[in-house]
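Coordinate inspection notes
The lines below spell out each chain.
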Amino acid sequence: MAVSMVMGRGDLTNAEWARLKPHLPATGQRGGRWASHRKVINGILFRQRTGVPWRDLPTRFGSWKTVYERHRRWSADGTWDRILQGVQADADAGGRIDWNMVSVDSTSCRAHQHAAGARKKAPRVPKKEQGPGSTAPTRVSDDHGAG
């Protein structure tokens, strides 16, 4: 059964999909069939490009919850990192990356003004009896009142 897929602006092209597909996790594991990786990735890309809330994804990407869950799961388990590394390795092996154009210049990397003077030692943790609402004395002189 052929499924017609309407490509939207910004969806993966056939050439992009061909480069990406070998690096994706296997589908159809426990729990039944997975929704098409291509449709879900296009949904993730649409959401990242437009900034719409997950619930407002167009229905052509399938259930918004499926798209959200796949993105969340792949972010948490490192799948996106492995996909990026695989695609970069393929591109490098195929001569599609010009490393002469890559430059890191530390003189242009500036820390935020609040990054200076960070605390060197851990903050002091109050003792249990000196917490908020405690009636324990906080100074030694409080034990010896005039009386």
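Throughout what follows, the structure given in this document is the object of discussion. Residue numbers here run from 1 along each chain, matching the order of that chain's written sequence. Reporting in this predicted model follows two pLDDT cut-offs: at least 70 for local features of residues, and 80 or more for side-chain atom pairs to be given and counted; totals over whole chains, interfaces and linings ignore these cut-offs and use all residues. To get the side-chain values, take all heavy atoms of the structure and skip hydrogens and water.

So, on to the environment of Leu57. With respect to the element layout, Leu57 can be found in the loop between helix H2 (37-50) and helix H3 (64-77). When accessible area is computed with a 1.4 Å probe and restricted to protein chains, residues below 20% of their type maximum are described as buried, those above 50% as exposed, and intermediate ones as partly exposed. The class of Leu57 is buried, set by a relative accessible area of 8%. It only takes one pair of heavy atoms within 4.5 Å for two residues to be counted as in contact. Discounting residues that sit within four places of it in the chain, Leu57 has contacts with Gly43, Phe46, Arg47, Val52, Trp64 and Val67. Here a strand is any run of E in DSSP of at least two residues, a helix any run of H or I of at least four, and the numbering for each starts at the N terminus.

So, on to the packing of aromatic side chains. Each aromatic pair joins two rings of Phe, Tyr and Trp (for Trp, the six-membered one) with centres within 6.5 Å, and gets the label stacked for planes under 30 degrees apart, edge-to-face for over 60, and tilted for any other angle. Scanning all chains against the criterion turns up three aromatic pairs. The interplanar angle of 70° and the centroid separation of 5.5 Å between the aromatic rings of Trp54 and Tyr68 together place this pair among those described as edge-to-face. Pair noted here: Trp54 is in the loop between H2 and H3 and Tyr68 is in helix H3, with a separation of 14 residues, a long-range link. What makes Trp54 buried here is its relative accessible area of 13%.

Only the stretch in contact is used when a helix axis is fitted, and all axes are lines through C-alpha atoms; the angle between N-to-C directions ranges over 0 to 180 degrees. Following both chains from N to C, one finds H2 and H3 inclined at 85°, their axes separated by 9 Å at the closest point. It follows from the interaxial angle that H2 and H3 lie roughly perpendicular. Contact residues: His37, Val40, Ile41, Gly43, Ile44 and Gln48 in H2; Thr66, Val67, Arg70, His71 and Trp74 in H3. Of the residues assigned to the contact of H2 with H3, the class counts are five nonpolar, five polar and one charged. Every angle not falling under 35 degrees, over 145, or within 65 to 115 is termed oblique; those three ranges are roughly parallel, roughly antiparallel and roughly perpendicular. Under the scheme applied, nonpolar residues are Ala, Val, Leu, Ile, Met, Phe, Trp, Tyr, Cys and Pro; charged residues are Asp, Glu, Lys and Arg; polar residues are all the others, including Gly.

With that settled, the discussion passes to helix H4 (residues 79-93). Between the first and last residue of a helix there are one fewer steps than residues, each counted as 1.5 Å, and that sum is the expected span. Along its 15 residues, H4 runs 21 Å from first to last C-alpha, staying within 8% of the 21 Å computed at 1.5 Å per residue. For H4, the full list of buried residues reads Thr79, Ile83, Gly86 and Ala91. Along the axis of H4, the buried positions cluster into a sector of 130°, meaning they face one direction only. Residues Asp81, Gln85 and Ala93 are exposed on H4 and point more than 90 degrees away from its buried face. Residues of H4 that are buried sit in contact with helix H1 (14-20) and H3. At the exit of H4 stands Gly95, carrying a positive phi of roughly 75°. Taking the helix axis as origin, the arc is that swept by the directions to the C-beta atoms.

The angle between the axes and the distance between the axes are what describe a pair of packed helices. Two elements in contact, H3 and H4, have axes whose closest approach is 5 Å; the angle formed by their N-to-C orientations is 75°. With respect to H4, the axis of H3 lies roughly perpendicular. Residues His71, Trp74, Ser75 and Asp77 of H3 pack against Thr79, Trp80, Arg82 and Ile83 of H4. Taken together, the residues of the contact of H3 with H4 sort by class into three nonpolar, three polar and two charged.

Shape descriptors only; they carry no functional weight alone.
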